[in-house]
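Structural characterization, general
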Amino acid sequence: MGQITTLFVRKVLHQVGADVDPDALLAGTGIDSACLHDPKAMVSDLVYYAFLENVAGLDSAGHTLPLRVGASMRCDDYGAFGLAWKSALNLRSSCERAERYARVLTSVTAYELETAEGGVFMNLHRDGHRRLGLRLSNEASLASIISISREVSTQPCRPIAVHFQHTAPSSTRAHEDYFGCPVHFESGRDALLFSDETLAAPNQLGDEGLSRFFENHLESELSVVEADPSLASRVRRQVSQALSEGVPTLSEVAGRLGMSGRTLQRRLAKQGHSFITLVDDTRRQLAMRLLRQTDYSLAEVAFMTGFSEQSAFTRAFKRWQGQTPRSFRLAAIYQA
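Below you will find a few notes about this structure.

This paragraph deals with the pattern of salt bridges. Tallied over the full model, the rule gives 15 salt bridges. Asp77 is the salt-bridge partner of Arg10, the closest N and O atoms lying 4.0 Å from each other. Residue Arg10 is found in helix α1 (residues 7-13), and its partner Asp77 is found in the loop between α4 (65-71) and α5 (80-87); the two are separated by 67 residues along the sequence. Summarising the burial analysis for this pair, Arg10 and Asp77 share the class buried. For the salt bridge of Asp196 with Arg92, the shortest nitrogen-to-oxygen distance reads 3.4 Å. Placement of the pair is Asp196 in helix α9 (residues 196-200) and Arg92 in helix α6 (residues 91-101), with a sequence separation of 104 residues. Taken together, the shared-partner salt bridges connect Arg10, Lys11 and Asp77 into one network.

What follows is the structure in structure tokens.
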């Protein structure tokens, strides 16, 4: 289960109408209203998505709720993260802060900068089933990036295009008006496309000394967040669940864990692991378990551990255990 800063809960509550009781909205969530002003306080992602769906359903203009939430965001709302964004020398450096430090605000969302023809994509990766609440949260997150970018940049911040993977709401006029550019739904990504010129524009309060100070502060916060001994186990679990459809890539597993491929690679290396080694070991352990505990044929075991051919599975198993899968199974039966 992922975690999201309660900051977004507070911002959503500010958008409810006067006829809606905020305390009543929180009553069924278990969210402590006293924590809403602390960006370090977290709430379960599933609780937040359900809360967001509930508020949108009560709102007469629910399809614009994430835009209004995003537009209300200010750098100071984000604590040290916002100050690091504000003090970066230019908008590209601010976006790089999000790529590196978004983990201090959420465990289910990651940003990744990707050079493209005509500009740079700021991709949003979020783990989880693409329910309505997650889709609304994606819109609010990208709207938030635009809001704080417009707050800090010395130049007007207007992306070239905005992309969402989900289907369009009944009307997209509000989205196009807010972002000031074409908004593409049912796209292959959730992302903002910025021009190089927009990202190169200096920030109003950009200061190298302050930027370095807040970056060091965030590094300290990140080290606490990343001290997660279960990360390797989470990767193994994701790999194991995906193997029957083929061996998942680093980026696929990272996306399911709510981070970029580079972030996952870095965090694993910090804990003494590599993605390739974890995948290989996960396949080995799954194969051994299937051979010991099931009557699946060798071809079926090969398929369930991500091999397209039984011969490739046999070669890999001999490398792992020094014997063929058939010999291993017979020995397991004899020992039982």
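Let us now look at helix α11 (residues 231-242). Over its 12 residues, α11 runs 17 Å from end to end, which matches the ideal 16 Å to within 8%, given 1.5 Å per residue. Taken together, the buried positions of α11 are Leu231, Ala232, Arg234, Val235, Gln238, Val239 and Ala242. Buried residues of α11, viewed axially, fall in a sector of 160°; they line one side. Among the structural elements, α12 (250-256), α13 (261-270) and α14 (275-293) are those in contact with the buried residues of α11.

Let us look at the layout of surface pockets. For the second largest pocket, the calculated volume is near 250 Å³. Residue contributions to the lining of the second largest pocket peak at four residues, all from strand β4 (residues 119-126). A class-by-class count of the residues in the lining of the second largest pocket yields one nonpolar, six polar and seven charged.

Reading the values: rules and limits
Residues numbered from 1 in each chain as written. Predicted model: local features only at pLDDT ≥ 70, side-chain atom pairs only at ≥ 80, totals over all residues. Heavy atoms only, no water. Salt bridge = Lys/Arg side-chain N within 4 Å of Asp/Glu carboxyl O. Helix = DSSP H or I, 4+ residues; strand = E, 2+ residues; numbered from the N terminus. Buried < 20%, exposed > 50% of the residue type's maximum accessible area, 1.4 Å probe, protein only. Expected span 1.5 Å × (residues − 1). Arc of directions from axis to C-beta. Contact = heavy atoms within 4.5 Å. 1 Å grid on protein atoms, 1.4 Å probe; cavity = no way out; pocket = protein on both sides within 12 Å on 5 of 7 lines; lining within 4 Å. Points joined across faces, edges and corners; volume = space filled by probe spheres on them. Nonpolar A, V, L, I, M, F, W, Y, C, P; charged D, E, K, R; others polar.

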